[in-house]
Amino acid sequence: MATFLYKLGRLAFRRRHFVALIWVALLTLAGVGAASAPAAGNSSFSIPGTEAQKAFDLLEQRFPGMSADGATARVVFKAPDGQKITDAGNKATVEKTVDELSDGSEVASVADPFTGNAVSKDGTIAYASVKYKVSGMELEDASKDALEDSAQHARDAGLTVEIGGDALSAVPETGATEIIGIAIAAVVLVITFGSLLAAGLPLLTALIGVGIGVSAITALAGTLDLGSTTSTLATMIGLAVGIDYALFIVSRYRAELAEGREREEAAGRAVGTAGSAVVFAGLTVVIALVGLSVVNIPMLTKMGVAAAGTVAVAVLIALTMIPALLGYAGRKVKPAGQKSKLLGGARAERNAASGKPNMGTRWAGFVVRRPVAVLLLGVVGLGAAAVPAASLELGLPDDGSQPVSTTQRRAYDLLSEGFGPGFNGPLMVVVDAKDAADPKAAADRVGDEIKGMKDVATVTPAAFNKDGDTATITVIPGSKPSSTTTEDLVHGIRGAGADVAEKNDAELLVTGSTAMNIDVSQKLNDALVPYLVLVVGLAFLLLIVVFRSILVPLKAALGFLLSVLAALGAVVAVFQWGWLSGPMGVEETGPVMSMMPIFMVGVVFGLAMDYEVFLVTRMREAHVHGEKPGQAVVTGFRHGARVVTAAAVIMMAVFAGFIGSSESMVKMIGFGLAIAVFFDAFVVRMAIVPAVLALLGKRAWWLPKWLDRLLPNVDVEGEGLRTAADDDRKDPEENRELVHA
């Protein structure tokens, strides 16, 4: 592989005009496609194999005009202080608003609060339910504008009006923190390279890669049913890995220049060595993201595949566009150790002349001398950070987790105030009485049994379809949607379904957004272990090929588990317990998003292997060339610690930039990935890994001979380049001396 990438790097360096033209053309093509595509919204949500989804499918079949998956809106009205919503003037305003809401071509139905028992007991709050024929993603802007205009007309008449539901779901906003993250990345690159031009290359290529990836996602959003969150996550991951991959290749290029090689040769070698590590690191990320499909939740699968595509683009750009841009830069990109005087060049030259070891060398030397103490401190520290993970509660965010500045959150609070906390998460019980002798009696018995259950606030009478064989019953829990009490109620109703089926020949199914969230959480929990085995297993095999060792990949996997558990502990402490919730902008604590553990396992594993590959390949390279194990660790840190540190800080900055998002899911993922990178890069890879390698010594690189013969030689360290190119540079007399020696 190293030889192929070496030739690719030299070709891209020589044919830089052609390479640049290809990438600019791809960016333009993707941009045109994105500009002409409709705006992304919320993707349709389905969870095959669950009871909630089965009920939705049954409703689509038995209630064809119901639009079970259509967008919904709850327009909530509150009367001015001292008045009631039922007062003549206020009632007239509400009824006029209901008439306006009914006019849209996409509106399926609007429930009048005064005829539908949708007025609070104290008479101050009422709501109108609007049902649309299409999903939130397909809802036209004109329908959303009409909804907001109707609400504004009621506000102008003196009422407080807020809108809940998914009809007004908007693309998440990240705010200024995302820009700050990129700015921090730029500063780190300038400090690392000591050159504005060299620092700009990774940023430029990362932005081009993300531009292509996100534009392609936007262009295909309508065709593939991709939600707005998909492009946000692709941006987050694409920026982080794009900058890091380019950083490693530019850094290796400067190191090759420092050894006296010509620029084209240095570009080829940089792509052949660091580029090989980029390919394998990117492959582990892609495996982890595509592996999310095993959960069998279409939305999660699409998110993973879209982000994996952006990572693949980042790898290709790093391997081709970086050497092309290095060709354009020429002598403006200086060899390693040389910086401009403005950025500390004189000091760097003095340190190089004095032979003073860099910080990475000094740290590695300390770890090699004190491996047991460093290992214990690292493991105990991560273990302490992981303690909150034992209290992990999972759920999916609803309008109650939105910022209080949003109309969705204010509508949620008004409904809780007027009708109780469970009103925001009604359960829909579907009674399939097609085979029952008396469908109405069967449905009535179901309603009576549910009324006697704990934590039930309201049970509506059964509503049948035209054929009279299927009924829906709405159950309002006494607790908020995300509470464990509501979850117990769902399981209780489903448990009673077995008795109903036995006595009445009728099937009972529970659905609705709350039941759907519960089913998603359960499905994700059930899939976590198989997913972990699949992803870690495939990556373990891949790392055996890369490192030609059994213990090094095993150590990498165990270290990853430590960092993920510690990161989950931090997420629980902030988003569930409320620690540092103010600085993090967490306005409402509650259960951790259901997909967080499995998503973190996938993404963090891929990113953790980046640092493992880049750092440990340098150590193995030194060991292969004759250095003792302890010295090889120090050599690996001397060459790689500075770059890996910069890469980790950049990745943390990019992820942390998304903490400012208005979408709670994006905020949580940004924080979780940022803290996971911190734990993995600075505790696991920079402390635990060298300590373990120092303790293992030569045993770290042990591989059974039979397995060594079976494994392909991918030559990540570029050994083939040394024998093919370095030997050619030596004169014949020197070669003869080496042979005799």
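Just so you know, these numbers come straight off a predicted model, no measurement behind them.

A. Here's a closer look at the overall build of the chain. The secondary structure content of the chain amounts to 25 helices and 11 strands. Looking at the chain residue by residue over its 741 residues, the buried ones come to 55%. Restricting the contact set of the chain to residue pairs at least 6 apart, pairs at least 24 apart contribute 80%. For the chain, the exposed area adds up to about 31000 Å²; of that, 60% sits on carbon and sulfur atoms.

B. Just the packing of aromatic side chains, in detail. Applying the stated criterion to the full structure yields 8 aromatic pairs. Summarising the aromatic geometry, the rings of Phe419 and Phe423 are spaced 4.7 Å apart at their centres and angled 25 degrees between planes, so their arrangement reads as stacked. Within the aromatic cluster, the residues linked to one another by ring pairs are Tyr127, Phe419 and Phe423. One Lys or Arg, Arg16, reaches over the ring of Tyr328 and ends 5.9 Å from the middle of that ring. The ring of Tyr127 is capped by Arg74, whose NZ or CZ atom sits 5.3 Å from the centre of that ring.

C. Seen up close, unusual backbone geometry. A positive phi angle, near 65 degrees, is found at Asn296, a position not held by glycine. Mapped onto the elements, Asn296 comes out in the loop between α9 (263–290) and α10 (298–329). The exposure class assigned to Asn296 is partly exposed, which follows from its relative accessible area of 39%. Phi angles above zero are rare outside glycine, and Arg548 is one such case at about 50 degrees. Residue placement: Arg548 occurs in the loop between α17 (513–547) and α18 (551–576). Classification of Arg548 as buried rests on a relative accessible area of 12%.

D. Examining the sheet that holds strand β2 (residues 107–111) more closely. In space, the 4 strands of this open sheet follow the order β2-β3-β1-β4, with antiparallel pairing throughout. Both outer strands of the open sheet, β2 and β4 (160–164), are each paired with one neighbouring strand and no more. This sheet shows a mean twist of 20 degrees between the axes of neighbouring strands, independent of strand direction. Direction of pairing for strand β1 (residues 72–78) relative to β4: antiparallel, over a ladder of 5 bridges.

E. Representation of the confidence of the model for the chain. When pLDDT is averaged along the chain, the result is 81; 88% of the residues meet or exceed 70. The secondary structure element of the chain with the lowest average pLDDT is helix α25 (residues 732–740), at 35, and the one with the highest is helix α13 (residues 371–386), at 94. Scored below 50 in pLDDT, residues 727–741 shows 6 contacts in the model against residues more than four places distant or in partner chains.

F. Fine view of the pattern of salt bridges. Counted by the stated rule, this structure contains 19 salt bridges. Between Glu264 and Arg10 there is a salt bridge, with the nearest N and O atoms lying 3.1 Å from each other. Note that Glu264 is positioned in helix α9 and Arg10 in helix α1 (residues 2–14), a separation of 254 residues in sequence. Assessed through its relative accessible area of 25%, Arg10 is described here as partly exposed. Between Arg62 and Asp432 there is a salt bridge, with its nearest N and O atoms 2.9 Å apart. With Arg62 in helix α3 (residues 51–62) and Asp432 in strand β6 (residues 427–432), the pair connects residues that are 370 residues apart, well separated along the chain. Asp432 carries the same exposure label as Arg62, and that label is buried. The structure contains a network of salt bridges with shared partners spanning Arg10, Arg14, Glu264, Glu265 and Arg269.

G. Representation of the environment of Ile243 in the model. By secondary structure assignment, the location of Ile243 is in helix α8 (residues 228–258). Here Ile243 is in contact with Ala185, Leu189, Pro202, Leu203, Ala206, Ile650 and Val654, once residues within four sequence places are set aside.

H. A look at helix α2 (residues 16–36). When the terminal C-alpha atoms of α2 are compared, their 30 Å separation across 21 residues agrees well with the 30 Å that a helix rising 1.5 Å per residue should span. Looking only at α2, the buried set comprises Val19, Ala20, Trp23, Ala30 and Ala34. The buried residues of α2 occupy an angular sector of 100 degrees when the element is viewed end-on, so they sit on one face. Counted as exposed and oriented over 90 degrees from the buried face of α2: His17, Phe18, Leu21, Leu29, Val32, Ala35 and Ser36.

I. Representation of helix α20 (residues 596–624). Under the 1.5 Å per step criterion, the end-to-end length of α20 is 40 Å for 29 residues, consistent within 8% with the ideal 42 Å. Where α20 terminates, the next one or two residues include Gly626, which has phi positive at roughly 105 degrees.

J. Broad picture of the pairing of strand β9 (residues 470–477). Of all the 8 residues making up β9, 7 are buried; the element is thus mostly covered by neighbouring parts of the structure. Relative to β9, strand β7 (residues 456–459) is paired through 3 bridges, and the arrangement is antiparallel. Paired with Val459 across the two strands is Val475, which belongs to β9. Hairpin connection, strand β8 (residues 463–464) to β9: the antiparallel pair is bridged by 5 residues, and Gly468 has positive phi, about 70 degrees.

K. Main features of the packing of α13 against α18. Between α13 and α18, the least distance of the axes is 7 Å, while the angle of their chain directions is 40 degrees. Between α13 and α18, the interaxial angle falls into the category oblique. Relative to α18, the crossing made by α13 is left-handed. In this structure, α13 uses Val379, Leu382, Ala385 and Ala386 to contact α18, whose residues at the interface are Leu562, Ser563, Leu565, Ala566, Gly569 and Ala570.

L. Expanded view of the nonpolar core. The biggest cluster of nonpolar side chains holds 163 residues, and the ones touching the most others in it are Tyr245 and Phe655. Setting aside chain neighbours within four positions, we find Phe655 in contact with Met236, Ile237, Ala240, Leu607, Gly670, Leu673, Ala674 and Val677. Membership of the second largest hydrophobic core comes to 24 residues, among which are Val429, Val459, Val475 and Ile493.

Here is what the cut-offs are and how they apply
- Residues numbered from 1 in each chain as written.
- Predicted model: local features only at pLDDT ≥ 70, side-chain atom pairs only at ≥ 80, totals over all residues.
- Heavy atoms only, no water.
- Helix = DSSP H or I, 4+ residues; strand = E, 2+ residues; numbered from the N terminus.
- Buried < 20%, exposed > 50% of the residue type's maximum accessible area, 1.4 Å probe, protein only.
- Contact = heavy atoms within 4.5 Å.
- Areas by Shrake-Rupley, 256 points an atom, 1.4 Å probe, with all protein chains shown as cover.
- Phe/Tyr/Trp six-rings, centres within 6.5 Å; stacked < 30°, edge-to-face > 60°.
- Lys NZ or Arg CZ within 6 Å of the ring centre and 35° of its normal.
- Pairing = 2+ DSSP bridges.
- Axes fitted to C-alpha atoms, helices over the stretch in contact; angles between N-to-C directions.
- pLDDT = per-residue confidence, 0-100.
- Salt bridge = Lys/Arg side-chain N within 4 Å of Asp/Glu carboxyl O.
- Expected span 1.5 Å × (residues − 1).
- Arc of directions from axis to C-beta.
- Parallel < 35°, antiparallel > 145°, perpendicular 65-115°, else oblique.
- Left-handed = near helix turned anticlockwise from the far one by under 90°.
- Core = buried A, V, L, I, M, F, W, Y, C linked by side-chain atoms within 4.5 Å.

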